[in-house]
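Report on the structure
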Amino acid sequence: MNIKRIFIKVEGVVQGVGFRPFVYNLAESLSLNGYVNNNSEGVNIDIEGSEDNINIFLQKLKNENPPLSKIYNIKIEEKDIVNYRAFTINESIKKNNKFTLISPDIAICKDCREDILNSENRRYRYAFTNCTNCGPRFSIIKSLPYDRDKTTMKIFKMCTDCYNEYKNPNNRRFHAQPNACVDCGPRLWVTDSNGKIINDEQLINDDHNSYAPIKYIQKKLKEGKIIVIKGLTGFHLVCDALNEDAVKLLRQRKNRPAKAFALMMKDIDTVKKYCYVNEKEEEILTGIKKPIVILNKILKPSENKDDFSHCTLSENIASNQNTIGVMLPYTPIHELLFSEELEALIMTSANISGLPLEYKNDEAVQHLSNIADYFLLHNRDIFIPLDDSVVKVIDSQEKIIRRARGYVPEPIDLNSKFNILACGSNMKNTFCINKENLAFLSQHNGDLENIQTYELYKRNIEHFKEIFTFKPSYLACDMHPEYMSTKYAHENNLPIINVQHHHAHIASVMAENNISNKIIGISLDGTGFGTDNKIWGSEFLICDLKTFTRKAHLDYALMIGGEAAIKEPYRMAISYIWNTYKEESESIISRLYGSKGIMLLSILKRKINCTETSSMGRFFDAVSSLIGIRNAITYEGQASIELEAKINTNCLENYPYKIIQSNEKQIDLKINNNTLFDNTLSDTELITDSSYIIEPNETIKAIVSDRLNNISENIISVKFHNTIVKIITDMCKLIRNETEIAEIALGGGVFQNSYLLSNTIKELSSAGFTVYTNKKLPCNDGSISFGQLVIADALLKK
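In short, a report on the structure. These figures come from a predicted structure and were not determined experimentally. (Residues numbered from 1 in each chain as written. Predicted model: local features only at pLDDT ≥ 70, side-chain atom pairs only at ≥ 80, totals over all residues. Heavy atoms only, no water.)

Let's talk about the packing of helix α14 (residues 501–512) against helix α23 (residues 784–797)
Quick reminder of the rule: Axis definition: a line fitted to C-alpha atoms, over the contacting stretch in the case of helices. Angles run 0 to 180 degrees between N-to-C directions. For the purposes of this entry, the term helix denotes a DSSP run of H or I that reaches at least four residues, the term strand denotes a run of E that reaches at least two, and both are numbered from the N terminus. Orientation categories follow fixed angle ranges, with anything under 35 degrees roughly parallel, anything over 145 roughly antiparallel, 65 to 115 roughly perpendicular, and all other angles oblique. By the convention used here, residues are in contact when the closest approach between their heavy atoms is within 4.5 Å. All residues other than Ala, Val, Leu, Ile, Met, Phe, Trp, Tyr, Cys, Pro, Asp, Glu, Lys and Arg, Gly among them, are scored as polar; the first ten of these are nonpolar and the last four charged.
Direction vectors running N to C along α14 and α23 enclose 85 degrees, while the axes themselves pass 7 Å from each other. Classified by the interaxial angle, the pair formed by α14 and α23 is roughly perpendicular. Of α23, the residues touching α14 (which contributes His501, His503, Ala504, His505, Ala507, Ser508, Ala511 and Glu512) are Ile784, Phe786, Gly787, Gln788, Val790 and Ile791. Taken together, the residues of the contact of α14 with α23 sort by class into seven nonpolar, six polar and one charged.

Next comes the structure, spelled out in structure tokens:
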């Protein structure tokens, strides 16, 4: 028998996912000796035995590894025989400046669910049950390697039974760092709205106080109470979704008049009672990540009163929308909360509006006591908070809206060379770092509009530096001088690469799809600082990863009152009416908006506090107001969301518009004399090229005419959406005729609109274009940091 010894380095998501027990059992089954251990780079395997069995071992290592593991690289080195006597699992080793990949937090697995529902199991109804295939990961890790003493589980000493499971390679809880039971692990308790622990008879007389708090909260939910529940990666505000009074009360207390609430439903059959669910949506809902999935609501109940397969939800949950966000239980606490009487719960992020997600017990009680009737708390600390991820399915493809729990910190392949921290945008902020040909996008940090969110943003950056042993040499940021992320970059004494917002959107799509050649980039969103110091948002670019040329855009309109026009879309409607009708606009504005509109018109004429914008998001807002849907909003994107919701017809018509050719100076990225990178108008001559202005005056005239002639909102909405699709298609044909470029990247938050994205791809594909979109990242500003990093790396390679 030919004896051989090899040393294997496995890099990837291989810690905390059952990889070492898999290796141990595989080696044992093949009579191989040696050892396996965790280290700061991944997993090392030193293995000795027959050459045939080693070959089998390698084949199974690559193809039969645990479901949560992801192998990115395997390095093999042959070594001298040392005659190992057995195969063992050795202690973890930490190496400075090295890192390993970390698993996201994973939803409760089938086996653990069976454990907590089995009255014969010692973990029956235990709310913190987990194993190597599920449970907390990223949210509890303080540092690497991933061992219990480097997590928030350090304070819980395992009992004998749990320790025996932890040390047994044949047990699925072998080296499951959060492993615990009712005798040794975290516990639940209930407090009143002021944080005072409730110790009534029902809570005291339960064995080990394990299930009683959940049973108590079930009772309070049925009574219509509002509960704050500490979960896996943060807190939720919870009430019975089928209790109309409870939902109204939650809206009132949270001061959230219209923005949709997310739901958690008991199981997939319950979801199908209230929503249409296709195959891909069901796959995501029931998968290991359990994000919120945006589903189409069933709007009409079944005519058969005995048929409960088609039920309707309260309009108060997601008013003026055809969709609703739904997720399934992803922790033991959630699984145990549901009962025959409770099948759908409001499960929305617990935070004061605009502030970060709550994740600490004391602060949650302090900040939410005026909203909650009760708190369900526990003592397993959350080290890094993460919101629930949000996705939707468009044309059978998963599209991420918010990337957080279950997805972060999964890396993205990127052939990068320089250590760059990309600071991201101000809205829907993420940041991004790169290391060893991988990019790591942070969780959704929220909008950097207050000191609390900004401090959390900085804390999360420091945590990424720690766990990925990352030290940036360069910073990439948005051009907007007032963004807090831009200010953060300038607070650090490092070279800065300024990146134009819409170029970053397109670069994120290009990098995800491994495109480096010149491409037509279409970036449609609400706000992005332009190189002319105006607000951009409907950009047709010709770009690669280093340079861009602004080829076309929507004609500029004035935002009356600046940012006030975002919160009051009728200001944009008045601006577009003025652009279209000029001196004849007063009678139309008076008819639609009365004296308030006439007052704003006088401000517009004098250009007092008016900002020029080419934003497609503001154009959508204007149309929403023009046809009477929404004049003022209470949450971001409300006017546009409700405009899309009006589409319920197969109308194929569109409105007229003009594309006007003009000459403008275009932008080429370059290096300035300070060795910092910049793409602002500055000291070098700019490229001059033909460009196009999309003039929507004829569109506005037709929409106003339809409104005044009482054409339905549904018809106007679909015709408007069709118009945007046709503008995009016609514009791309013009650019292709000039440049012969037939590849297109679509980016920006406007493409969260399912109708617009689906029909744009359909029309462009029919016209012979190849169309790319974001895959693993949001198309909104959540992907800006990745695009910034990609552009900065490309420029540095230059």
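Things to note about the pairing of strand β8 (residues 235–240)
In plain terms, the rule: The rule is simple: take the accessible area with a 1.4 Å probe, protein chains only, and divide by the maximum for that residue type; under 20% is buried, over 50% is exposed, in between is partly exposed. We treat two strands as partners when DSSP finds at least two bridges between them.
Burial analysis of β8 places six of its six residues in the buried class, the great majority of the element. The pairing of strand β7 (residues 227–230) with β8 spans four bridges and is classified as antiparallel. Considered in β8, the bridge of Val228 is made with Leu237. Where β7 folds back onto β8 in an antiparallel hairpin, the turn is made up of four residues. With five bridges connecting them, β8 and strand β13 (residues 344–349) associate as antiparallel partners. Note on β13: the bridge partner recorded for Asp240 is Leu345.

Here's the deal with unusual backbone geometry
A cis geometry characterises the amide bond from Val408 onward to Pro409, with omega recorded as 15 degrees. One can find Pro409 in the loop between β16 (397–402) and β17 (412–413). Phi is positive for Lys607, which is not a glycine, with a value near 55 degrees. Within the secondary structure layout, Lys607 lies in the loop between α17 (585–605) and β27 (610–613). Even without being glycine, Asn609 reaches a positive phi, approximately 50 degrees. As for its placement among the helices and strands, Asn609 is situated in the loop between α17 and β27.

Looking at the packing of aromatic side chains
Quick note on the threshold: Stacked, edge-to-face and tilted labels apply to pairs of Phe, Tyr and Trp rings (six-membered ring for Trp) whose centres lie within 6.5 Å, assigned for plane angles under 30 degrees, over 60, and everything in between, in that order. Remark: a charge is flagged as sitting over a ring if the NZ atom of Lys or the CZ atom of Arg is within 6 Å of the ring centre and within 35 degrees of the ring normal.
According to the stated counting rule, one finds 17 aromatic pairs in the structure shown. By way of ring pairs, the aromatic residues Phe138, Phe431, Phe440, Tyr454, Tyr457, Phe464, Phe468 and Tyr488 are connected into one cluster. Sitting over the face of the ring of Phe7, Lys79 holds its NZ or CZ atom 4.7 Å from the ring centroid. Over the ring of Tyr330 we find Arg405, and its NZ or CZ is 3.5 Å from the ring centre.

Details of α17
Stated formally: What a helix should span is 1.5 Å times the count of its residues minus one. Note that the bend at a residue is defined as the angle between axes fitted to the seven residues ending at it and the seven residues starting at it.
Taking 1.5 Å of rise per residue, the 21 residues of α17 would be expected to cover 30 Å, yet its terminal C-alpha atoms sit only 11 Å apart, more than 12% below that figure. Within α17, the axis deviates most sharply at Tyr593, by approximately 130 degrees. Against β26 (557–560), α16 (570–581), β27, α18 (616–626) and α20 (697–708) lie the buried residues of α17. One or two residues past the end of α17 sits Lys607, with phi positive at roughly 55 degrees.

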